[in-house]
Amino acid sequence: MDGYARDSVLFSYPAIIEGGYLAMTAMLKADIVELLRRIIAELTGKPSLEDELQPEQDIQLAGMDSMRIIQLVIRLEQYYAIGFEDHELAIRNFDTMDAIADRVLQKTGLLA
Amino acid sequence: MMTGTRQVHCLLDCYAEILRMSGSFDWRPLYTGVWNAYFEVTGEGLSYYSESVDELAKWRARFELIYGCDVQQWHCAAEGKEAAFVRLQAWMAAAGRERYAILMVDLYDLPYSNQFRVRHTPHFLTAVRAVGDQWQIRDPYLSWEGILSTAEVRQAFMDDGAVIGIDGAELRPSLTGAIRLLFEEEMKVRENRLLTELAAYIRGAVERCGGYAPSNLLAEVQHAAVIAKRMDGYRYALSYLTDGHRLRTDAFDGMCEEMARGFEGLLFLAARHAMTGQPFDVPAFERKVERMHALDQNIKRELDAAYPIWISAKEGRV
């Protein structure tokens, strides 16, 4: 019984660590999405987007044409001190805030 | 056969939309040479539209040549905006006719558009029907279809705009001889002018700034993103030329995709340097440009190779 309990605690460590990691990643992602909303609202000249834009929504339909997306990506590079590689720089890779946030997390090493 | 168009060229996308609405007309030949369509380069940057070259007349003549119908066209400059709009209303009101109109509007005034947001941004859309105060509009370039009021259409109709009137009943299947003529003419142009001009513009701006990208560079070259969409015409051309031959076009599609990504890459590079103030990475830029020139030549060679196969098929040798 004692051994089982010890094993069980030991067994749960990775789960605890993983749970904490996932929670932290989720918080960071929420922060990135919030930043994205602010930048998109500014670039499109539509302040209402800061409240209305949904993470899975196609940002091009919200007024982010290719040039605005380019500006958004460069701002993210500056803000998070990251650099996207040439092969990653396709407009279609940045079509939703959700996808963009994942890409930023991947660049920072926080998402596999 | 490809069933739908992508964003390529807002005027040609309207013509193609009318061909689709009018029946089983093959719209792909219409895009022959769209990759060479004119754009303006001035000291202030690249512009997808031109005030000096009458592109409307050129594409209208081509449409008439390929589809054997007369196209009506009238301009606000000649008869005034209000008179041109009244004439448009009369055209759309003709009972019992399958009439369409392509309108030159200001993108800024379209209630459904978020693009650009500056005044005097010419754009084309298709009026399908006008009943009372309701205009049924199709905007294939912006993938929008819906109803606008007369006031909204009138507001968007440009002061120096134009109307192209097409009677669907007059359309005929595409003429092989006309397509041959146009294809051979367009394939004589071996240079990708957008690539040459964009590279030259960026190179010149960086040189004038002592090796740095000026902060307004992105604004000056932003229309390149619109012009680059015209390169999708390559796909339509190969799709048309190889129709029914069961040839694999995956590699060609891959090259076209790489071309589109290449233009995005050049704009990303320009934006990154303009926004960060870092010294411009000239070698990286020149490598990209060189790779894209080579890619464009490969695309053109593929089209060259497909053309005789198409000719043979048309002459009944295959």
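Residues numbered from 1 in each chain as written. Chains lettered and ligands numbered in written order. Predicted model: local features only at pLDDT ≥ 70, side-chain atom pairs only at ≥ 80, totals over all residues. Heavy atoms only, no water.

Asker: Got a minute to help me understand the overall build of chain A in this structure?
Answerer: Secondary structure assignment for chain A yields four helices and zero strands. Listing each helix as α and each strand as β along chain A from the N terminus yields α-α-α-α. The proportion of buried residues among the 112 residues of chain A is 38%. Residue pairs in contact within chain A that sit at least 24 positions apart in sequence constitute 56% of those at least 6 positions apart. Looking at chain A as shown, the accessible area adds up to about 6,300 Å², and 57% of this sits on carbon and sulfur atoms. (Helix = DSSP H or I, 4+ residues; strand = E, 2+ residues; numbered from the N terminus. Buried < 20%, exposed > 50% of the residue type's maximum accessible area, 1.4 Å probe, protein only. Contact = heavy atoms within 4.5 Å. Areas by Shrake-Rupley, 256 points an atom, 1.4 Å probe, with all protein chains shown as cover.)

Asker: Can you walk me through the environment of leucine 46 of chain B in this structure?
Answerer: All names here are of chain B. Residue position: leucine 46 is located in strand β2 (residues 45-47). Looking at leucine 46, the relative accessible area reads 5%, which means it is buried. Taking the C-alpha atoms as reference points, leucine 46 and glutamate 197, separated by 151 residues in sequence, lie 8.4 Å from one another. Not counting the four nearest positions on each side in its chain, leucine 46 is found in contact with Phe39, Glu40, Val41, Leu194, Leu198, Tyr201, Glu220, Val221, His223 and Ala224.

Asker: Looking at this structure, how should I read the side chain of aspartate 296 of chain B?
Answerer: Residue and element names in this part refer to chain B. Summarising the element assignment, aspartate 296 is placed in helix α12 (residues 282-314). Of note is the side chain of aspartate 296, whose polar atom sits 2.5 Å from the side chain of lysine 300. What aspartate 296 contacts, discounting residues up to four positions off in sequence, is Arg190, Asn192, Tyr234 and Met259. (Polar contact = N/O pair within 3.5 Å; in protein donor to acceptor, adjacent residues only side chain to side chain.)

Asker: Just to check I follow, could you spell out the interface of chain B and chain A for this structure?
Answerer: The figure often quoted for interface size is the accessible area lost as the parts come together. On the chain A side, the residues contacting the 17 residues of chain B number 22 residues. Taken together, chain B and chain A are joined by three salt bridges. Ionic pairing is found between glutamate 77 of chain A and arginine 272 of chain B, a salt bridge with its closest N-O pair at 2.6 Å. Here chain B is connected to chain A by seven residue pairs in polar contact (both at pLDDT 80 or more). Counting residues per element, the side of chain B that touches chain A draws most heavily on helix α11 (residues 250-276) of chain B, which supplies nine residues. (Salt bridge = Lys/Arg side-chain N within 4 Å of Asp/Glu carboxyl O.)

Asker: What should I look at first to understand a nonpolar patch on the surface in this one?
Answerer: A surface patch of nonpolar side chains, amounting to about 330 Å² of accessible area, comprises Tyr21, Leu22, Met24 and Leu28 of chain A. Under the relative-accessibility criterion, methionine 24 of chain A is labelled partly exposed at 39%. (Patch = residues over 30% accessible without salt bridge, like charges linked within 9 Å, V, L, I, M, F, W, Y side chains within 5 Å.)

Asker: Help me understand unusual backbone geometry, please; the structure alone is not making it clear to me.
Answerer: Working note: non-glycine residues mostly have negative phi, and peptide bonds are mostly trans. Residues and elements named next belong to chain B. One non-glycine residue, histidine 120, lies in the positive phi region at around 60°. At serine 143, a position not held by glycine, the phi torsion is positive, near 50°. By the element assignment, serine 143 lies in the loop between β6 (134-139) and β7 (144-149).

Asker: Teacher, can you tell me more about the nonpolar core here?
Answerer: Here is a general trend for soluble globular proteins: nonpolar side chains tend to be buried in one another's company. Ranked by internal contacts, the top residues of the largest apolar core, which has 141 residues, are Leu72 of chain A together with Tyr15, Phe63 and Leu303 of chain B. It is α11 of chain B that provides the largest number of residues to this core, a total of twelve residues. In this structure leucine 72 of chain A touches Leu36, Ile39, Ile40, Leu43, Ile59, Met64 and Ile100 of chain A, once residues within four positions along its chain are discounted. (Core = buried A, V, L, I, M, F, W, Y, C linked by side-chain atoms within 4.5 Å.)

Asker: In this structure, what is going on with the packing of aromatic side chains? I would like to understand it.
Answerer: The geometry of an aromatic ring pair is captured by two quantities: the separation of the ring centres and the angle between the planes. This model, assessed by the stated rule, comprises 17 aromatic pairs over all chains. Centroid distance tyrosine 79 of chain A to tyrosine 80 of chain A: 4.9 Å. Interplanar angle 70°. Geometry classified as edge-to-face. A relative accessible area of 55% places tyrosine 79 of chain A in the exposed class. What makes tyrosine 80 of chain A partly exposed here is its relative accessible area of 22%. A centroid spacing of 5.4 Å and a plane angle of 85° characterise the contact between phenylalanine 84 of chain A and phenylalanine 94 of chain A, whose relative ring orientation is edge-to-face. With phenylalanine 84 of chain A in the loop between α3 (66-80) and α4 (97-107) and phenylalanine 94 of chain A in the loop between α3 and α4, this residue pair connects regions lying ten residues apart in the sequence. On the accessibility criterion, phenylalanine 94 of chain A (0% relative accessible area) is buried. Among the aromatic residues, those joined into a ring-pair cluster are Phe183, Tyr240, Tyr307 and Trp310 of chain B. (Phe/Tyr/Trp six-rings, centres within 6.5 Å; stacked < 30°, edge-to-face > 60°.)

Asker: Would you explain the confidence of the model for chain B in this entry?
Answerer: Close reading of the predicted structure is inappropriate where its pLDDT is low. All names here are of chain B. Residues with a pLDDT of 70 or more make up 96% of chain B, whose mean pLDDT is 91. Confidence, read as mean pLDDT per element, is least for helix α3 (residues 76-79) in chain B (87) and greatest for helix α7 (residues 193-208) (97). As a predicted assembly, this complex carries a pTM of 0.87 together with an ipTM value of 0.75. (pLDDT = per-residue confidence, 0-100.)

Asker: Sorry if this is basic, but what is going on with the environment of alanine 237 of chain B here?
Answerer: All names here are of chain B. You can see alanine 237 is positioned in helix α10 (residues 233-241). Taking relative accessible area as the criterion, alanine 237 reaches 8% and is therefore assigned buried. In this structure the C-alpha to C-alpha distance between alanine 237 and alanine 306, which are 69 residues apart in sequence, comes to 9.4 Å. With near-sequence residues (within four places) excluded, alanine 237 lies in contact with Trp35 and Leu303.

Asker: Before we go on, may I ask you to explain the packing of helix α2 (residues 55-67) of chain B against helix α6 (residues 176-186) of chain B in this structure?
Answerer: Residues and elements named next belong to chain B. Packing of α2 against α6 leaves a shortest axis separation of 9 Å and a crossing angle of 140°. Judged on the interaxial angle alone, α6 and α2 are oblique. Mapping the contact onto sequence places Lys58, Arg62, Leu65 and Ile66 in α2 and Ala178, Ile179, Leu181, Leu182 and Glu186 in α6. In terms of residue class, the contact of α2 with α6 is built from six nonpolar, no polar and three charged. (Axes fitted to C-alpha atoms, helices over the stretch in contact; angles between N-to-C directions. Parallel < 35°, antiparallel > 145°, perpendicular 65-115°, else oblique. Nonpolar A, V, L, I, M, F, W, Y, C, P; charged D, E, K, R; others polar.)

Asker: Just checking my understanding: could you explain empty space enclosed by the protein for this structure?
Answerer: Gaps left between atoms show up when a probe the size of a water molecule is rolled over them. Following the criterion strictly, the structure yields two cavities of 30 Å³ or more and no others. In this structure, the largest cavity occupies an estimated 40 Å³ of space. Elements that contribute at least two residues to the lining of the largest cavity include exactly α6 and α10 of chain B. The volume enclosed by the second largest cavity comes to roughly 30 Å³. If you trace the second largest cavity, you find it lined by Asp86 and Leu89 of chain A together with Gly265, Phe268, Leu269, Arg272 and Lys288 of chain B. (1 Å grid on protein atoms, 1.4 Å probe; cavity = no way out; pocket = protein on both sides within 12 Å on 5 of 7 lines; lining within 4 Å. Points joined across faces, edges and corners; volume = space filled by probe spheres on them.)

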